[in-house]
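One letter stands for each residue in the lines below.
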Amino acid sequence: AQSVTQPDIHITVSEGASLELRCNYSYGATPYLFWYVQSPGQGLQLLLKYFSGDTLVQGIKGFEAEFKRSQSSFNLRKPSVHWSDAAEYFCAVDPGGYQKVTFGTGTKLQVIP
Amino acid sequence: SQTIHQWPATLVQPVGSPLSLECTVEGTSNPNLYWYRQAAGRGLQLLFYSVGIGQISSEVPQNLSASRPQDRQFILSSKKLLLSDSGFYLCAWSDRGQGVTDTQYFGPGTRLTVL
């Protein structure tokens, strides 16, 4: 079955430290890939997306993500986390061909001073 | 630019009461529209989606319904709310005319508490 997995439910990092959030998918072909961020009580904001081409994608707020076909992964990274990055992050996969977008269950990021 | 609005922002309703949540999109035409529910710690659950006026697809059988009376208006309704309907409801749109993928953009959400 097709699926999206975010293995880390909750992650805590210190402000200024680097961050990597994991996302793995299980689809037959290379899908379209997204990362969203949700601050408490807010809607989801699109951080970045991968369609094709360069496997390292730059997004807003200093985030980037790397698509690795061999590992079926699309991990989100940031070199130096700010306290304002504390939020929940969702990976999403669009298989294309009018199939539905599937969201992962999210990773909550806590940033400590 | 495109914007998406949801109304109301918060709602507290008794069990058995009716529900109407509204979502409107500005700055685009013929969008795909979606209703999601987010229960605590459970990610996003797709409830309904619509590719045009009067065209509604349901993903999860339940006591909720959706309607699309106008191109950029999407309404989520219930005749009788259950306790389990509590959650955070998100509306989203995508521009089905752009390319082959379905980049979705979300509204600010409605927090529904059923007591």
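Residues numbered from 1 in each chain as written. Chains lettered and ligands numbered in written order. Predicted model: local features only at pLDDT ≥ 70, side-chain atom pairs only at ≥ 80, totals over all residues. Heavy atoms only, no water.

In this section: the overall build of chain A. On a plain count of helices and strands, chain A comes out with zero helices and twelve strands. Traced from its N-terminal end to its C-terminal end, chain A shows the element sequence β-β-β-β-β-β-β-β-β-β-β-β. Taken along its principal axes, the extent of the C-alpha atoms in chain A is 45 × 30 × 20 Å. Evaluated residue by residue, chain A yields a buried proportion of 46% over its 113 residues. Considering only residue pairs separated by 6 or more positions, chain A has 54% of its internal contacts joining residues 24 or more positions apart. Working note: accessible area of chain A is about 5,600 Å², and carbon and sulfur atoms make up 49% of it. For chain A, the separation between the mean place of its 9 positive charges and that of its 9 negative charges on side chains is 5 Å. (Helix = DSSP H or I, 4+ residues; strand = E, 2+ residues; numbered from the N terminus. Buried < 20%, exposed > 50% of the residue type's maximum accessible area, 1.4 Å probe, protein only. Contact = heavy atoms within 4.5 Å. Areas by Shrake-Rupley, 256 points an atom, 1.4 Å probe, with all protein chains shown as cover. Lys, Arg positive; Asp, Glu negative; His and termini not counted. Charge placed at Lys NZ, Arg CZ, Asp CG, Glu CD.)

Contacts between the two partners involve 17 residues from chain A, matched on the other side by 18 residues from chain B. With both chains or domains summed, chain A and chain B bury close to 1,400 Å², and 58% of this area falls on carbon and sulfur atoms. The three residues of chain A that bury the most area against chain B are A:Leu44, A:Lys100 and A:Phe103, which together make up 32% of that side's buried surface. Inspection of the region where chain A meets chain B yields zero salt bridges. Where chain A packs against chain B, one counts three residue pairs in polar contact (both at pLDDT 80 or more). Elements represented by at least two residues in the side of chain A that touches chain B include exactly strand 5 (32–38), strand 6 (44–50) and strand 10 (87–94) of chain A. With four residues, strand 5 of chain A is the single largest residue contributor to the side of chain A that touches chain B. Residues that form the side of chain A that touches chain B fall into these classes: nine nonpolar, five polar and three charged. (Buried area = accessible area lost by both parts, 1.4 Å probe. Salt bridge = Lys/Arg side-chain N within 4 Å of Asp/Glu carboxyl O. Polar contact = N/O pair within 3.5 Å; in protein donor to acceptor, adjacent residues only side chain to side chain. Nonpolar A, V, L, I, M, F, W, Y, C, P; charged D, E, K, R; others polar.)

Glancing now at unusual backbone geometry. Of the consecutive residues B:Trp7 and B:Pro8, the connecting peptide bond is found in the cis state with omega at -5°. The backbone of A:Ser72 sits at a positive phi, close to 50°, despite the residue not being glycine. Position of A:Ser72 among the secondary structure elements: in the loop between strand 8 (64–68) and strand 9 (73–78). By relative accessible area, which is 24% here, A:Ser72 ends up partly exposed.

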